[in-house]
Amino acid sequence: MKKYIAEFIGTCTLVVLGCGTAMLVGCDAAAGGGYILTAFAFGLTIVAMAYSIGNISGCHINPAVSLGVLLSGGMKAKEFAGYVISQCLGALAGSGLLAAIFGLGKVKDMTGGFGSNGLAGVNGNALAGLLVEIVLTFIFVTAILGVTSKKANHGSFGGLVIGLTLVVVHILGIGLTGTSVNPARSFGPAVIAAISGNTEPIAALWVFIVGPMIGAALAAYVYKFLEIKDK
């Protein structure tokens, strides 16, 4: 149960800090500043959570990461289900907190969707968005599997490597899909946006669930194939 609570807290924190930053500063690639700030907000939150709850739950805070770990043999199906439920509930809680903060404070939401993902950067093309999410998640989950493998020799720098990898995939992906690579992170804001009257994010939500999960599965199988086994 403590692992599930840790995953709830971690995912909630990721949404509040990452999506909250996107709401506040916007993600206009032409302007640049908000774009980079949002990328670092997500990445640095992962660094913070990795060093705070990593020793409790592994700091997945992402169903795609949990799927990669499951397919790599690092967890059981029942535990995986508990992680995903906790992560989605945490994302909903984080989005709800943002709605309360921005609503009570009468702060303008620069994105109009609680930091939700969308397909505007790929001109509404769902297949292009799906490909972006598959590729970026593959890169992200492969990095995680490598850093956390028994053969890895990164000492205490694993969390930093993972966080910086999330920063770099955001730098490419924000202008295309807003960068999900995390179904829970997309689910929470889309649901709260829909409750608030903006149904556009939830219409494209399937892309940000299916894409990351395919990317994570590919990463798990490719990494397992490439990994050097002990003789």
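Small disclaimer: the values here were computed from a predicted structure and weren't measured. (Residues numbered from 1 in each chain as written. Predicted model: local features only at pLDDT ≥ 70, side-chain atom pairs only at ≥ 80, totals over all residues. Heavy atoms only, no water.)

(A) Examining the pattern of salt bridges more closely. Per the counting criterion, the structure on display carries one salt bridge. Here Glu 79 makes a salt bridge to Lys 3, at a shortest N to O gap of 3.2 Å. Remark: Lys 3 occurs in helix α1 (residues 2–25) and Glu 79 occurs in helix α5 (residues 77–104); sequence separation between them is 76 residues. (Salt bridge = Lys/Arg side-chain N within 4 Å of Asp/Glu carboxyl O. Helix = DSSP H or I, 4+ residues; strand = E, 2+ residues; numbered from the N terminus.)

(B) Inspection of the nonpolar core at higher detail. Counting 41 residues, the largest nonpolar core has Ile 61, Phe 140 and Leu 166 as its most contacted members. Contributions of two or more residues to this core are made by α1, α2 (33–50), α4 (63–71), α5, α6 (126–148), α7 (158–177), α8 (183–195) and α10 (205–226). Among the elements that make up this core, the one with the highest residue count is α6 (seven residues). In this structure Phe 140 touches Asn 62, Val 65, Ile 162, Thr 165, Leu 166 and Val 181, once residues within four positions along its chain are discounted. Core analysis: the next-biggest nonpolar cluster, separate from the first, contains seven residues, Val 122, Leu 130, Ala 204 and Phe 208 among them. (Core = buried A, V, L, I, M, F, W, Y, C linked by side-chain atoms within 4.5 Å. Buried < 20%, exposed > 50% of the residue type's maximum accessible area, 1.4 Å probe, protein only. Contact = heavy atoms within 4.5 Å.)

(C) How the structure looks around the environment of Phe 80. Counting through the fold element by element, Phe 80 comes out in helix α5. Residues Phe 80 and Leu 130, 50 residues apart in the sequence, show an inter-C-alpha distance of 23 Å. When near neighbours in sequence (up to four residues on either side) are disregarded, Phe 80 contacts Pro 63, Ser 66, Leu 67, Leu 70, Met 75 and Met 213.

(D) Seen up close, unusual backbone geometry. One non-glycine residue, Cys 59, lies in the positive phi region at around 55 degrees. By secondary structure assignment, the location of Cys 59 is in the loop between α3 (54–57) and α4. The backbone of Asn 123 sits at a positive phi, close to 55 degrees, despite the residue not being glycine. In this structure, Asn 123 sits in the loop between α5 and α6. Residue classification places Asn 123 among the exposed positions, given a relative accessible area of 75%.

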